[in-house]
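This is what each chain is made of:
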Amino acid sequence: MLTIGIDSGSTTTKGVLYDGHTLLKQILVPTSHKPKVVMQEVYEHLLHGHAEESVYTVTTGYGRELLPAAHKKVTEITCHGKGAAYLGATVGADIGVVIDIGGQDSKVVLLDTYGNITDFLMNDKCAAGTGRFVEVIMRQLKEDVAFLDQYVAGSLPVKISSMCTVFAESEVIGLLADNVRGGAIAHGILNAISDRTANFAKKLPLEREVFFSGGLAQSEVVRKLLEDKLGHRVVTHPLAQFTGAIGAALIGHQKKWR
Amino acid sequence: MEIKKELPEIFESFAEARRNGFIAAKNFKEQNKPMVGTFCTFMPQELPLAMGAAVVSLCATSDETIGEAERDLPRNLCPLIKSSYGFGKTDKCPYFYFSDLVVGETTCDGKKKMYEYMGEFKPVHVMQLPNSPVGTDSLTLWKNEIVRLKEVLEQQFDVTITEAQLKHAINLKNRERQALKNFYALGKLNPPAISGADLLKVLYGSTFKFDREASIEEINALTAKITAEYEAGKQLESKPRILITGCPIGGVTEKVVKAIEENGGMVVFYENCMGAKHVEDLVDESESDLYLALAEKYLKIGCSCMSPNPHRFELLNRVVDEYAVDGVVDVLLQACHTYAVETLAVKRFINGEKGIPYMSVETDYSTADIGQLNTRMAAFVEML
Ligand code: SF4
Ligand code: SF4
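Residues numbered from 1 in each chain as written. Chains lettered and ligands numbered in written order. Predicted model: local features only at pLDDT ≥ 70, side-chain atom pairs only at ≥ 80, totals over all residues. Heavy atoms only, no water.

Caption draft 1: Looking closely at the overall build of chain B. A count of helical and extended segments in chain B gives 15 helices and eight strands. Relative to a compact globule of 384 residues, whose C-alpha radius of gyration would be 21 Å, chain B shows 20 Å and is just as compact. The dimensions of chain B, computed from C-alpha atoms along their principal axes, are 60 × 50 × 45 Å. Residue burial in chain B is summarised as follows: out of 384 residues, 56% are buried. Expressed as a percentage of contacts within chain B between residues at least 6 apart in sequence, the contacts between residues at least 24 apart total 73%. Total accessible area on chain B is roughly 15500 Å²; 49% of this is exposed by carbon and sulfur atoms. (Helix = DSSP H or I, 4+ residues; strand = E, 2+ residues; numbered from the N terminus. Rg over C-alpha atoms; globule rule 2.2 N^0.38 Å. Buried < 20%, exposed > 50% of the residue type's maximum accessible area, 1.4 Å probe, protein only. Contact = heavy atoms within 4.5 Å. Areas by Shrake-Rupley, 256 points an atom, 1.4 Å probe, with all protein chains shown as cover.)

Caption draft 2: Layout of the interface of chain B and chain A. In this complex, chain B contributes 15 residues to the contact, which on the side of chain A involves 16 residues. Buried area between chain B and chain A, summed over both chains or domains, comes out near 1200 Å², and the portion from carbon and sulfur atoms is 50%. For the pair chain B and chain A, the interface holds one salt bridge. For the interface between chain B and chain A, the tally reads five residue pairs in polar contact (both at pLDDT 80 or more). At the level of secondary structure, the elements contributing two or more residues to the side of chain B that touches chain A comprise α14 (337-353), β8 (358-363) and α15 (370-383) of chain B. If one sorts the elements of the side of chain B that touches chain A by residue count, α15(B) sits on top with nine residues. (Buried area = accessible area lost by both parts, 1.4 Å probe. Salt bridge = Lys/Arg side-chain N within 4 Å of Asp/Glu carboxyl O. Polar contact = N/O pair within 3.5 Å; in protein donor to acceptor, adjacent residues only side chain to side chain.)

Caption draft 3: Quick look at α15(B). Its 14 residues place the ends of α15(B) 20 Å apart at the C-alpha level, agreeing with the 20 Å of an ideal helix rising 1.5 Å per residue. Buried within α15(B) are the following residues: Leu373(B), Thr375(B), Arg376(B), Met377(B), Ala378(B), Ala379(B), Phe380(B), Val381(B) and Met383(B). Contacts made by the buried residues of α15(B) are with α2 (76-90) and β8 (117-123) of chain A together with β5 (241-246), α11 (254-261), β7 (327-333) and β8 of chain B. (Expected span 1.5 Å × (residues − 1).)

Caption draft 4: Summary view of the side chain of Arg223(A). Residue and element names in this part refer to chain A. Mapped onto the elements, Arg223 comes out in helix α7 (residues 220-230). Overall, Arg223 belongs to the buried group, its relative accessible area being 13%. Polar side-chain contacts of Arg223 include one of 2.8 Å to the backbone oxygen of Val234.

Caption draft 5: Main features of the sheet that holds strand β3 (residues 23-30) of chain A. Residues and elements named next belong to chain A. Taken together, five strands build an open sheet; the order of strands is β3-β2-β1-β4-β5 and the sheet is mixed. Every interior strand has two partners, whereas the edge strands, β3 and β5 (72-73), have only one. Sheet topology note: the strand β2 (residues 12-18)/β3 ladder contains seven bridges and is antiparallel. Across the sheet, the residue bridging to Thr12 is Pro30, located in β3. Lying on the sheet, helix α1 (residues 35-47) is in contact with β1 (2-8), β2, β3 and β4 (55-61); it crosses β1 at an angle near 155°. (Pairing = 2+ DSSP bridges. Axes fitted to C-alpha atoms, helices over the stretch in contact; angles between N-to-C directions.)

Caption draft 6: Region of interest: the site of ligand 2. By nearness alone, every residue bordering ligand 2 is listed as Cys78(B), Ile81(B), Cys108(B), Lys111(B), Cys247(B), Leu333(B) and Cys336(B). Classifying every residue of the shell around ligand 2 gives six nonpolar, no polar and one charged. (Near = heavy atom within 4 Å. Nonpolar A, V, L, I, M, F, W, Y, C, P; charged D, E, K, R; others polar.)

Caption draft 7: Just the packing of helix α3 (residues 131-140) of chain A against helix α6 (residues 182-201) of chain A, in detail. Residue and element names in this part refer to chain A. Two elements in contact, α3 and α6, have axes whose closest approach is 10 Å; the angle formed by their N-to-C orientations is 170°. Considering the angle they form, α3 stands roughly antiparallel to α6. In this structure, α3 uses Phe133, Val134, Ile137 and Met138 to contact α6, whose residues at the interface are Ala186, Ile189, Leu190 and Ile193. Its residues placed into classes, the contact of α3 with α6 shows eight nonpolar, no polar and no charged. (Parallel < 35°, antiparallel > 145°, perpendicular 65-115°, else oblique.)

None of this, on its own, says anything about what the molecule does.
Dropping the structure here:
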């Protein structure tokens, strides 16, 4: 009994294959400008070698409507909730909150002790406070997002006053002109985004431990910043980028057995 | 006052539906009857109805004229206010165009200041609405304002509004309210008899009817028809039951209802100004002071402009149970401060006292946020 979960995000498309006990395969590809094609590729990659078996597929994310073979579409809110509860449990954490900083939006999801969603907030109105913000600034600094933590290591964060991506870009130009080091600027950006995310999350009654997902969760610096600002333990997982896809696969598994 | 009967110059350029609206309004005016336009539900419609006028709602629901309005009004203002002002200014709304008098009230800041400019191109009378529904001072002020409206109408249209006429109009409006209440009470049925989108269509449509008696009959007939069909087995699928509260919706903001119903939910009740807010309470027909009876009824409207605003919570409290509501969606129009501030109190009340999920969504008159609305509403329904 296999299930596939695919999360079609604005920046990357993630997919996992699950057999009810373990994750057999995972794949992450840039969504680029053709989400539908990419989704199909991810689907075929996961299915490869299992075409004979019965597979149930659940899609989530912005592109969740785009895969013809999908049996079910579930929003990224619900999938992130399920996925986070699962990944959190594997590292022994009791997850009550999920904070996801995605490429195009950020969200906060509250979970009860059974991993069911009880409330959520979503910021999808502008790039401020999302992964896109970090991406834009890193590109401006001509640095690779993958080496974020090394890049900011040892620097003190400068104060970034504008959270609007467009204004922040010009602020960065000003800082560079003043000979401020790139690392300090990037650190300042991470600090600002963590501030904003923490304040956003605090609108909900936070309890227990926080699971941090999305692309930025790869950064230990951001995880630590969030932990300090929230006053709650923040955990993440090497597969944190797959949280939504894993959640989708888990939901598919539950569905199949019902 | 001369009653307006001519079509506007811009008429020729309109699409058919809008032309029909103009023709219908013109035909009504040809009978030499006045038309009074309103924005908020605080306006005691009984008074203009008592003198034989048609009362029409001028709250606009599309972004067509927002650009035009922004020449005079700030961008960061509620779209309902901008759109309504814009339609008025451009002669694109038949009801505004043919209204001989527009009556506003000092409700929210944006609206009351907007009326000052609207007065430059239209006869506008603004009623001074108290900020609080509590206490005798508020009631006295509001009663006096209703008497003042009567005098304004009498003067402008050169008529006298008698007690008998007013009594008759009060009875008419009460019967209309009762008809609407019986209609939206269909929402109590589970499995449902009617979708939330259809409920809204009827509620919204009822705000443009010139002939109230005919409108009451239509609504009653519709309720009877749906009830009969329901009993004969025409039932919809049971789904999580949603109550909508917050700013007025209709027209383009039906997108919220669509987002709920296309993603597995069912809207069973509208607490807002398009729905029950002003319909639930009748005017007390046993009260001998008609103006006091009117003042008492209208001051009980649970609008967020009121502080405190206990009546909104009283209504929510009752209908969440009566309609077996599973979740509450609070719709905010962008830049509506009073409703935005009140979301916290509503959330506390719905989550805490009623123990069911609550979600607020901010939207405007564009269609740019439909994808986001879909995700939010789908996730909300998945949560129920
Ligand atoms: S909510 Fe209040 S201000 Fe808004 S239309 Fe209704 S009565 Fe008027
Ligand atoms: S929606 Fe809010 S801001 Fe707009 S008119 Fe109504 S009360 Fe005023």
